[in-house]
Amino acid sequence: MPIRTPQSGDDQLYTQVDDELYEELATLAGQRIAYAAVWEDSLADALADLPGAAEGPPAVDLDLYLQDGVYFELYGTVCYPALDADPLPSQTAVEQQLQALMQEGLWLGEVAVDEEDGLVLVLTQAQRPMLYLQVGAWILEEWDELPDGAAS
């Protein structure tokens, strides 16, 4: 799966989606999620402690490993169970939701862009949207092996 990857081990942090990047990301839609993990400590929490930090919905950092060897490191991600719903209220709620969805199989159903050209990933089961991830920033990488303790 050809993706735009950083050169010489330099990770590229994306915060917006342009037309070229959208085309690349859209090719990932339809892939099964092989593994998902919410980070214990998030960048969003660290930034929230800074003076003048803006209040907002609860955000988490997480990894999504796609079956065909690509994974996302997602930062400042707000998770919505439906388009018209409030975001999941905590890191624990996000972890529980992801674990429950992963047991039945979960796919990257759609790659979308919000009004500010931010990334939105739609996670699906049986082609039904189950979770909307509004991503603050992300790194896209390739993987050869799942993390320890992950079942493929």
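Basis of the calculations
- Residues numbered from 1 in each chain as written.
- Predicted model: local features only at pLDDT ≥ 70, side-chain atom pairs only at ≥ 80, totals over all residues.
- Heavy atoms only, no water.
- Helix = DSSP H or I, 4+ residues; strand = E, 2+ residues; numbered from the N terminus.
- Polar contact = N/O pair within 3.5 Å; in protein donor to acceptor, adjacent residues only side chain to side chain.
- Expected span 1.5 Å × (residues − 1).
- Buried < 20%, exposed > 50% of the residue type's maximum accessible area, 1.4 Å probe, protein only.
- Arc of directions from axis to C-beta.
- Contact = heavy atoms within 4.5 Å.
- Pairing = 2+ DSSP bridges.
- Patch = residues over 30% accessible without salt bridge, like charges linked within 9 Å, V, L, I, M, F, W, Y side chains within 5 Å.
- Areas by Shrake-Rupley, 256 points an atom, 1.4 Å probe, with all protein chains shown as cover.
- Salt bridge = Lys/Arg side-chain N within 4 Å of Asp/Glu carboxyl O.
- Lys, Arg positive; Asp, Glu negative; His and termini not counted.
- Charge placed at Lys NZ, Arg CZ, Asp CG, Glu CD.

### Topic: the side chain of Gln 31
Stage number 1. Within the secondary structure layout, Gln 31 lies in the loop between helix H1 (19-26) and strand E1 (33-38).
Stage number 2. A distance of 3.2 Å separates a polar side-chain atom of Gln 31 from the backbone nitrogen of Asp 68.

### Some remarks on helix H3 (residues 91-104)
Stage number 1. If you check H3, its first and last C-alpha atoms are 21 Å apart, about what 14 residues at 1.5 Å a residue would give, namely 20 Å.
Stage number 2. Here H3 has its buried residues at Ala 93, Val 94, Leu 98 and Leu 101. Across the axial projection of H3, the buried residues extend over an arc of 125°, all falling on one side. Residues of H3 that are exposed and point more than 90 degrees away from the buried face comprise Gln 96, Gln 99 and Gln 103.
Stage number 3. For H3, the secondary structure elements touched by its buried residues are E1, strand E2 (60-66), strand E3 (70-80), strand E5 (119-125) and strand E6 (128-135).
Stage number 4. Looking one or two places after H3, you find Gly 105, whose phi comes out positive at around 95°.

### Notes on the side chain of Asp 61
Stage number 1. Take Asp 61: it is sitting in strand E2.
Stage number 2. Engagement of the side chain of Asp 61 in a polar contact is seen with the backbone nitrogen of Gly 76, the distance being 2.8 Å.

### Observations concerning the pairing of E3
Stage number 1. Counting buried positions along E3 yields ten of eleven residues, so the element is predominantly enclosed.
Stage number 2. In sequence, E2 turns back onto E3 through a hairpin of three residues, with Gly 69 there showing a positive phi of about 95°.
Stage number 3. Of the strand pairs in this sheet, E3 and E6 are connected by three bridges, and their pairing is antiparallel. Its bridge partner being in E6, Cys 79 is matched across the sheet by Leu 133.

### Some words on a negative patch on the surface
Stage number 1. Judged by side-chain charge, Asp 18, Asp 19, Glu 23, Glu 115, Glu 116 and Asp 117 come together as a negatively charged surface patch.
Stage number 2. As for its position among the elements, Glu 23 is in helix H1.
Stage number 3. Exposure remark for Glu 23: the relative accessible area of 58% places this residue in the exposed category.

### What about H1?
Stage number 1. Along H1, the residues that are buried comprise Leu 21, Glu 24 and Leu 25. An end-on view of H1 places all buried positions within 95° of arc, on one side of the element. Residues of H1 that are exposed and point more than 90 degrees away from the buried face comprise Asp 19 and Glu 23.
Stage number 2. Those residues of H1 that are buried lie in contact with E3, strand E4 (107-113), E5 and strand E7 (137-142).

### Overview of the environment of Val 122
Stage number 1. With respect to the helices, strands and loops of the structure, Val 122 is situated in strand E5.
Stage number 2. Through-space distance from the C-alpha of Val 122 to that of Pro 81 is 9.9 Å; in sequence the pair is 41 residues apart.
Stage number 3. Residues contacting Val 122, with those up to four places away along its chain left out, are Trp 107, Leu 108, Gly 109, Glu 110, Pro 129, Leu 131 and Tyr 132.

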